[in-house]
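# Secondary and tertiary structure notes
Residue-level listing of the chains:
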Amino acid sequence: MLAVEQFSVRIGRAEIVKPLDFSVAAGECLAVLGRNGAGKTSLVRGLAGLLAHHGRVALDGTQLDSLNAAERSRRIGYMAQGSAQPSAELTTLDMLLLAQNGSRLGWGVSTDSLTRAEEMLALLDLQPLAHRVASQMSGGQRQMVALGAALVRRPRLLLLDEPTSALDLANQLKLLEIVRDYTRREGIATVMVLHDLNLATRYADRVLMLAGGALAHIGPVRDAMRPDLLAEVFGVHCGIYQIDGGHTAIYPLATA
Ligand SMILES: Nc1ncnc2c1ncn2[C@@H]1O[C@H](COP(=O)(O)OP(=O)(O)OP(=O)(O)O)[C@@H](O)[C@H]1O
């Protein structure tokens, strides 16, 4: 459903992301992993059309570069690193309406938009924050709202850049469970940058590892979580343990 061919990002003379080929199936979550500076944000910003790039990106058979900005942003839900807010004085409901059609509450909002915004409030347990402005929320609360704004337009491709960075342990699990279930239920493609290997193992179907902007590995989670590969990509010797309930736990032992 998402087909990426010879995709690269160049800033000045530096090739920040070297030519990549990969695909993401409908209903699949792909985790993008790698060290700081490996090119993860550049990859997802490039896929979102926010950074100049080379190569081809097709979503449901349509080349994204052939679409105008409005059509592209209707098909892509993007949650930036650090969950940037459009305005500190917008409420959660305002943001969910703005993300759909550029209208604030009470400025000619359609019933459908309001219904969809309320669905997002319910999905993310955000009803208590519906009328609170962003400047009066915690960083974690803003991150949940940012996910709502990414999902509210029913995107076909969901791009999440470190979506759990401000969340407590329970909310990390909650957000990624919502993302995984939504991805499967709606048959969309999700690409998410994560730093936590345990979260990637638990919630991604496959992982793409970048090192120095180049593809280091792509494949199912179970094939990627190998001590030799983790040492090579992250520079850390890790122990990998099978624990209760069929889960895999990764524990960093020492820098390589
Ligand atoms: N505007 C820019 N100009 C020059 N170099 C840049 C620019 N933006 C990013 N880079 C460089 O591109 C490389 C990849 O950056 P990127 O933000 O994509 O990495 P990342 O894997 O997301 O890192 P992190 O895990 O720290 O968020 C880094 O070496 C960075 O210094």
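Quick note: structure is the one above.
In this report, the structure presented in the accompanying data block is examined. Everything numeric in this text was worked out from a predicted model, so none of it was measured. (Residues numbered from 1 in each chain as written. Predicted model: local features only at pLDDT ≥ 70, side-chain atom pairs only at ≥ 80, totals over all residues. Heavy atoms only, no water.)

Moving on, we get to the site of the ligand. What surrounds the ligand is a group of 13 residues, the closest being G37, G39, K40, T41 and S42. Here an oxygen atom of the ligand sits 2.8 Å away from a polar atom, N or O, in the main chain of G37. Note that an oxygen atom of the ligand is positioned 2.9 Å from one of the backbone N or O atoms of G39. In the complex, the protein chains occlude 56% of the 640 Å² of accessible area that the ligand would expose alone. Top contributing element to the shell around the ligand by residue count: helix α1 (residues 40–47), with 3 residues. Counted by class, the shell around the ligand contains 3 nonpolar, 7 polar and 3 charged residues. (Near = heavy atom within 4 Å. Polar contact = N/O pair within 3.5 Å; in protein donor to acceptor, adjacent residues only side chain to side chain. Areas by Shrake-Rupley, 256 points an atom, 1.4 Å probe, with all protein chains shown as cover. Helix = DSSP H or I, 4+ residues; strand = E, 2+ residues; numbered from the N terminus. Nonpolar A, V, L, I, M, F, W, Y, C, P; charged D, E, K, R; others polar.)

Within helix α9 (residues 227–234), the full set of buried residues consists of L229, L230, A231, V233 and F234. Two residues or fewer past α9, G235 is found with a positive phi of approximately 70°. (Buried < 20%, exposed > 50% of the residue type's maximum accessible area, 1.4 Å probe, protein only.)

All right, on to the side chain of K40 then. Structurally, K40 can be placed in helix α1. For the buried K40, no salt bridge exists, and the shortest N-O distance to an oppositely charged side chain is 5.5 Å, to E162. Only 3.1 Å separates the side chain of K40 from the backbone oxygen of G34, close enough to count as a polar contact. Those residues within four positions of K40 in sequence are excluded, and the remaining contacts are V32, L33, G34, R35, V193, H195 and L210. (Lys, Arg positive; Asp, Glu negative; His and termini not counted. Salt bridge = Lys/Arg side-chain N within 4 Å of Asp/Glu carboxyl O. Contact = heavy atoms within 4.5 Å.)

Running from N to C, helix α3 (residues 92–101) and helix α5 (residues 139–151) point in directions that differ by 25°, and their axes come no closer than 8 Å. Classified by the interaxial angle, the pair formed by α3 and α5 is roughly parallel. With respect to the hand of their crossing, α3 and α5 are arranged in right-handed fashion. Here α3 contributes T92, M95, L96 and A99 to the contact with α5, which in turn contributes V145, G148 and A149. (Axes fitted to C-alpha atoms, helices over the stretch in contact; angles between N-to-C directions. Parallel < 35°, antiparallel > 145°, perpendicular 65-115°, else oblique. Left-handed = near helix turned anticlockwise from the far one by under 90°.)

Inspection of every chain in the model, using the stated rule, returns 10 salt bridges. Two residues, R156 and D60, come together in a salt bridge whose shortest N-O distance is 2.9 Å. Taken together, the residues R156 in the loop between α5 and β7 (157–161) and D60 in the loop between β4 (54–59) and β5 (62–63) connect sequence positions 96 residues apart. According to the relative accessible area criterion, R156 is partly exposed, its value standing at 28%. For the salt bridge of R184 with D205, the shortest nitrogen-to-oxygen distance reads 3.4 Å.

Turning our eyes to something else, we now look at the nonpolar core. By size, the foremost hydrophobic cluster in this structure holds 53 residues, and its most contacted members are L33, L147, V179, M192, V207, M209 and L230. Beyond its immediate sequence surroundings of up to four residues, V207 is in contact with L30, A31, L33, H217, I218, G219, V221, A224 and M225. The next biggest cluster of nonpolar side chains, apart from the first, holds 28 residues, and it includes L30, L64, V191 and L210. (Core = buried A, V, L, I, M, F, W, Y, C linked by side-chain atoms within 4.5 Å.)

Two elements in contact, α3 and helix α4 (residues 111–123), have axes separated by 9 Å at closest approach and are oriented at 125°. What the angle tells us is that α3 and α4 run oblique. Along this stretch, α3 crosses α4, giving a crossing that reads as right-handed. Where α3 approaches α4, its residues T92, L93, L96, L97, Q100 and N101 are matched on the opposing element by S113, L114, R116, A117, M120 and L121.

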